[in-house]
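Overview (structure and organization)
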Amino acid sequence: MQHLVDTYDFSEKQIANILKDARAFKKQMPSQLLRDKLLITLFFESSTRTRSSFEVAAKRLGAAVVHLDPAKSSTNKGESLEDTFANLCAMEPDGVIIRHEYNNTPRKLADKELTCVINAGAGNYAHPTQALLDYFTMLEHFGDLKGKTIAIVGDIVSSRVASSGIRLFTRMGMNVVLVAPQPFMPDNDLPKYEQLDDVIDNVDIIMSLRAQLERHKAPIFEDYEEYAKEYCITSERLGERNILLLHPGPVMRNIDISDEMLEDSRCKVLEQVKNGVFVRMAILKALLLDS
Ligand code: NCD
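Residues numbered from 1 in each chain as written. Predicted model: local features only at pLDDT ≥ 70, side-chain atom pairs only at ≥ 80, totals over all residues. Heavy atoms only, no water.

1. Focus: the domain arrangement of the protein
Each assigned domain of the protein is listed here: domain 1 (7-127 + 273-290) and domain 2 (128-268). Between the C-alpha centres of domain 1 and domain 2 the distance comes to 25 Å. Listed by partner, the interface residues are 28 residues for domain 1 and 26 residues for domain 2. Between domain 1 and domain 2, the buried area comes to about 2,500 Å², and carbon and sulfur atoms account for 58% of it. Taken together, the connections running from domain 1 to domain 2 amount to four salt bridges. Here glutamate 45 makes a salt bridge to arginine 215, at a shortest N to O gap of 3.2 Å. Scanning the region where domain 1 abuts domain 2 turns up 17 residue pairs in polar contact (both at pLDDT 80 or more). Counting residues per element, the ones that place at least two in the side of domain 1 that touches domain 2 are helix 1 (12-27), helix 2 (49-60), strand 3 (95-100), strand 4 (116-122) and helix 10 (269-290). (Domains from an automatic or database assignment. Contact = heavy atoms within 4.5 Å. Buried area = accessible area lost by both parts, 1.4 Å probe. Salt bridge = Lys/Arg side-chain N within 4 Å of Asp/Glu carboxyl O. Polar contact = N/O pair within 3.5 Å; in protein donor to acceptor, adjacent residues only side chain to side chain. Helix = DSSP H or I, 4+ residues; strand = E, 2+ residues; numbered from the N terminus.)

2. Notes on the environment of leucine 38
Within the fold, leucine 38 resides in strand 1 (residues 38-43). Taking the relative accessible area as the measure of exposure, leucine 38 reaches 22% and is therefore partly exposed. As a C-alpha pair, leucine 38 and lysine 148 span 110 residues in sequence and 39 Å in three-dimensional space. Beyond its immediate stretch of four places on either side in the chain, leucine 38 contacts Ala64, Val66, Pro93, Asp94 and Gly95. (Buried < 20%, exposed > 50% of the residue type's maximum accessible area, 1.4 Å probe, protein only.)

Have a look at this one:
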């Protein structure tokens with residue numbers, strides 16, 4: 001049984017196949033490859049894009065999807081997460097798609113080997129399907145990403161999108177540089193900059209990230225308008241440079257990216273969302289049919 005907890009669960013050959021399938025699905029919707037499959041989504045944290053993208057992807061492939069809302073489930077009556085999960089698995093789904101605030105929850109549930117576990121975001125540790133859809137979006141634009149440089153800008157330390165992205169992009173031969181004020185900077189050996197202007201002439205892609213206010217134990221900045229003066233991606237900051245702009249959403253307008261930049265053709269935020277469905281379709285196929 002294969003799980004997707006982190007992108008390292010996939011071999012390079014599997015990643016290449018997923019990207020190929022996603023490309024083919026984007027060209028032409030496939031037949032209902034997962035017609036007999038049943039997936040359960042279990043989201044312990046809020047989600048707009050990821051949950052609906054998984055549901056759309058599963059339904060496009062003909063799978064049935066059942067959603068359990070933890071706020072209205074028996075975890076609220078004191079049932080442990082493990083027991084809730086075991087009870088869902090007793091209904092014999094083909095996979096459970098889970099989002100949780102703790103880094104190790106998906107791995108812990110996957111290790112029970114009761115069903116295929118797909119991580120839809122865990123703490124600040126991993127969001128593998130986002131990393132793959134971001135990679136797909138960049139690849140579609142550039143054709144080849146070896147040696148390309150991506151600057152990740154914003155609240156990197158709290159971001160599972162950043163941590164998953166860093167692992168995948170470096171594995172695939174990209175250069176990753178980090179741009180953030182000191183409280184948002186993680187501790188690793190990647191090149192670090194406090195100002196985007198110091199590195200902007202050497203980057204091909206910027207990934208802007210939201211300040212993850214809900215994960216901060218105490219407020220880090222009093223005034224996000226001050227923060228935005230340094231880190232908001234604006235037309236003035238980008239100039240005429242041919243840089244691709246990504247953001248996993250939700251975008252805090254005029255803090256992460258300016259209104260004007262969101263309308264710019266270099267900004268791929270909605271393309272990422274569109275690609276997310278095809279990439280998740282390919283991932284579901286890889287996990288439920290190919291492995
Ligand atoms: C992110 C998440 O929840 O990890 N969004 C997403 O899944 N596309 C990022 C965020 O909440 O800022």
